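The chain contents come next:
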Amino acid sequence: MEAQSLTLGAEESAWRRLKEAADRRPAVTALIILGVAVIVMVAAKGLHLVAQTGLNGLSLGAIYALGAVGLTLVYGILRLVNFAHGDFLTFGAYMAYLVNVTSGMPLAVGILFAMATTALLGVAFELVLWRPMRARRAGLLQLLLTSIGLALVIRSAIQWFWSTDVRLLDVNTTATVSFLGLRIGRMQLIVIAIGFVVIIAIGLMLSQTLLGKRMRALADDLDLAETAGVNTRRVIVYTWVFAGSLAGLAGVLDASVTALSPNFGFDLLLPIFAAVILGGIGDAYGALAGGMLLGLVTEWSTLFVDAKWKIGVGFVALIVALIVRPQGIFGRARTI
């Protein structure tokens, strides 16, 4: 009995040490788990299928990550759960449609126009809506309900101008690129490339620039940052510019590989929220990682279940991850 108790105690101690090590390096732990999962999938389905669906997952993950980082930046600094964020993506996509299809200009011009106008939309709502509500000390529930109402207003305005018809951007969605025996749509490859470049730029901006450091300071303690001399109003405006432009970019990238309708941003909102929660609420780096991971898991799930269930599988993975680590991958819910 004594030997059995010692064995159980040693096992519990080893498990505790393993858990503490995983908690200290959550990102490394997530990469190890992902690597093991990839090895299992390769053994079960073959390298080619895993790599092919992985490419699709990178495209989807880039869109999720770009949408999630803007959403989590706003929450991290303002503690605002912005349910209108999905409709910011829709707005950006329709601005690109206005330039690309209605005016017949290249998609690159449409992307820049979408980012600029969506950023202006975010700043406008900050000045006429969110800042006055904060000045009146509106509570979490009031802000939440206002964001839901704002989402409905934006969606209704889009339906008024463009109706509910499904529309397409003027891009070539049939052209494909082949390499190493893999095939991917040329537009999907562009989405992956743009997504990775912007994600790297976001990481550098947050860690290396003065604006990024001020954003992190506001996220840690807005009052303390203001006492230290940081112009909090200006940083908040820049945050909306950043979040709005990224939402516009994500909306255009998604519309370029799918189709455009007034509800398509709302359909993206739940996966984007899932990416935010998976990475750690309020953590921009976590949102980037959570978006990419959710995109990969969603597409890899099609190797084992019908594609119509892939979104559900992504949420099941989210639930399992939160049971193991409720604070998300990065576990720093009050910082960026």
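Preceding this paragraph is the structure being described.
Every residue gets a number counted from 1 within its own chain, in the order that chain's sequence is written. Residue-level local features of this predicted model are given only where pLDDT is at least 70; pairs of side-chain atoms are given and counted only at 80 or more, and the full residue set underlies all totals for whole chains, interfaces and linings. With hydrogens and water stripped out, all remaining heavy atoms of the structure feed into the side-chain values.

1. Some details on the overall build of the protein
Across its full length, the protein holds 13 helices and two strands. Relative to the 2.2 N^0.38 estimate, which gives 20 Å for 336 residues, the radius of gyration of the protein is 21 Å and therefore close to what a compact globule would have. Principal axes of the C-alpha set define a box for the protein whose edges measure 80 × 55 × 35 Å. Relative accessibility under 20% of the residue-type maximum defines a buried residue, over 50% an exposed one, and the middle range a partly exposed one, all with a 1.4 Å probe and only protein chains included. Out of the 336 residues belonging to the protein, those deemed buried represent 44%. Counted over contacts in the protein with a minimum sequence separation of 6, partners at least 24 positions apart contribute 77%. Put simply, DSSP H or I for four residues or longer makes a helix, DSSP E for two residues or longer makes a strand, and each gets a number counted from the N terminus. As defined in this context, the radius of gyration uses C-alpha atoms, and a globule is described by 2.2 Å times the residue total to the power 0.38. By the convention used here, residues are in contact when the closest approach between their heavy atoms is within 4.5 Å.

2. Looking at the pairing of strand β1 (residues 176-179)
Here, strands pair whenever DSSP counts at least two bridges between them. Both β1 and strand β2 (residues 182-185) contribute to a ladder of four bridges, which runs antiparallel. When the bridges of β2 are listed, Ser-178 appears paired with Arg-183. With antiparallel pairing between neighbouring strands as the criterion, β1 and β2 make up a hairpin whose turn holds two residues, including Leu-180 at a positive phi of roughly 55°.

3. Regarding the packing of aromatic side chains
The aromatic pairing rule takes the rings of Phe, Tyr and Trp, using the six-membered ring of Trp, and pairs them if the centres are within 6.5 Å, calling planes under 30 degrees apart stacked, those over 60 edge-to-face and the rest tilted. This structure, assessed with the given rule, holds six aromatic pairs. Of the aromatic side chains, those joined through ring pairs into one cluster are Tyr-94, Tyr-97, Phe-161 and Trp-162. Two limits define a charge over a ring: the Lys NZ or Arg CZ must be within 6 Å of the ring centre, and within 35 degrees of the ring normal. Just above the ring of Tyr-75 sits the side chain of Arg-79; from NZ or CZ to the centre is 5.6 Å.

4. Side note on the pattern of salt bridges
Pairs can form between side chains of opposite charge once their charged atoms are near each other. By salt bridge we mean one thing: a side-chain nitrogen of Lys or Arg within 4 Å of a carboxyl oxygen of Asp or Glu. Counting across every chain of the model gives four salt bridges. One salt bridge in this structure joins Arg-131 and Glu-126, with 3.5 Å as the shortest N-O distance. The exposure class of Glu-126 is buried, given its relative accessible area of 0%. One salt bridge in this structure joins Arg-134 and Glu-126, with 2.7 Å as the shortest N-O distance. Take Arg-134: its relative accessible area is 28%, and that puts it in the partly exposed class. When salt bridges that share partners are traced, they join Glu-126, Arg-131 and Arg-134 into one network.

5. Looking at helix α4 (residues 85-102)
Since the α-helix advances by 3.6 residues per turn, residues separated by three or four positions end up pointing in the same direction. In a helix, the anticipated span is given by 1.5 Å times the number of residues less one. Its 18 residues give α4 an end-to-end C-alpha distance of 25 Å, which sits within 8% of 26 Å, the value for a rise of 1.5 Å per residue. In terms of burial, α4 is a largely internal element, 15 of the 18 residues being buried. Backbone geometry just downstream of α4 places Gly-104 in the positive-phi region, at approximately 75°.

6. Side note on the environment of Ala-157
Mapping Ala-157 onto the fold places it in helix α6 (residues 140-162). You can call Ala-157 partly exposed: its relative accessible area is 34%. Spatially, the C-alpha atom of Ala-157 lies 9.6 Å from that of Phe-91, the residues being 66 residues apart in sequence.

7. What to know about the packing of helix α8 (residues 210-220) against helix α10 (residues 232-257)
Look at α8 against α10: their axes get within 10 Å of each other, and the N-to-C directions meet at 105°. Considered as vectors, α8 and α10 are oriented roughly perpendicular to each other. For the pair α8 and α10, contact is made by Leu-211, Arg-214, Met-215 and Leu-218 and by Thr-232, Val-235, Ile-236, Tyr-238, Thr-239 and Phe-242, respectively. Three residue categories are used. Nonpolar comprises Ala, Val, Leu, Ile, Met, Phe, Trp, Tyr, Cys and Pro, charged comprises Asp, Glu, Lys and Arg, and polar comprises the others, including Gly. Split by residue class, the contact of α8 with α10 holds seven nonpolar, two polar and one charged. Orientation is described by lines fitted to C-alpha atoms, with helices fitted over the stretch in contact, and by angles between N-to-C directions that extend from 0 to 180 degrees. If an angle is under 35 degrees, it is roughly parallel; if it is over 145, roughly antiparallel; if it lies from 65 to 115, roughly perpendicular; otherwise it is oblique.

8. Quick word on the nonpolar core
Definition of nonpolar core: a set of buried residues of the types Ala, Val, Leu, Ile, Met, Phe, Trp, Tyr and Cys, connected through side-chain atoms within 4.5 Å. Of all hydrophobic cores here, the largest spans 79 residues; its most connected members are Leu-66, Phe-88, Trp-130, Ile-154, Ile-202, Met-215 and Trp-240. Among the elements that take part in this core, helix α3 (residues 47-78) stands out by supplying 13 residues, more than any other. Excluding anything up to four places from it in sequence, Phe-88 contacts Thr-118, Leu-121, Gly-122, Phe-125, Ile-154, Trp-240 and Ala-247. Counting five residues, the second-largest nonpolar core is a separate cluster that includes Met-41, Val-50, Leu-296 and Trp-300.

9. Comments concerning a negative patch on the surface
Together, Asp-220, Asp-221, Asp-223 and Glu-226 make up a negatively charged patch on the protein surface. Counting through the fold element by element, Asp-220 comes out in helix α8. The partly exposed category is assigned to Asp-220, whose relative accessible area is 46%. Patch definition: residues with relative accessible area over 30% and no salt bridge; like charges joined within 9 Å; nonpolar side chains (Val, Leu, Ile, Met, Phe, Trp, Tyr) joined within 5 Å. Accessible surface is estimated by sampling points in the Shrake-Rupley manner with a 1.4 Å probe; for residues, cover comes only from the protein chains shown. Residues scored as positive are Lys and Arg, those scored as negative are Asp and Glu, and His as well as the terminal groups of each chain are ignored. Charged groups are reduced to one reference atom each: NZ for lysine, CZ for arginine, CG for aspartic acid, CD for glutamic acid.

10. Quick notes on the environment of Trp-300
By the element assignment, Trp-300 lies in helix α12 (residues 284-300). For Trp-300 and Met-41, which are 259 residues apart along the polypeptide, the C-alpha to C-alpha distance reads 8.6 Å. Non-local contacts of Trp-300, meaning those with residues more than four positions away in its chain, are made with Leu-34, Val-38, Met-41, Val-50, Thr-53 and Gly-54. N or O atoms within 3.5 Å of each other form a polar contact, as long as, within protein, one can give a hydrogen and the other can take it, and as long as residues adjacent in sequence are counted only when both atoms are side-chain atoms. Here Val-50 takes part through its backbone oxygen, which lies 3.0 Å from a polar atom of the side chain of Trp-300.

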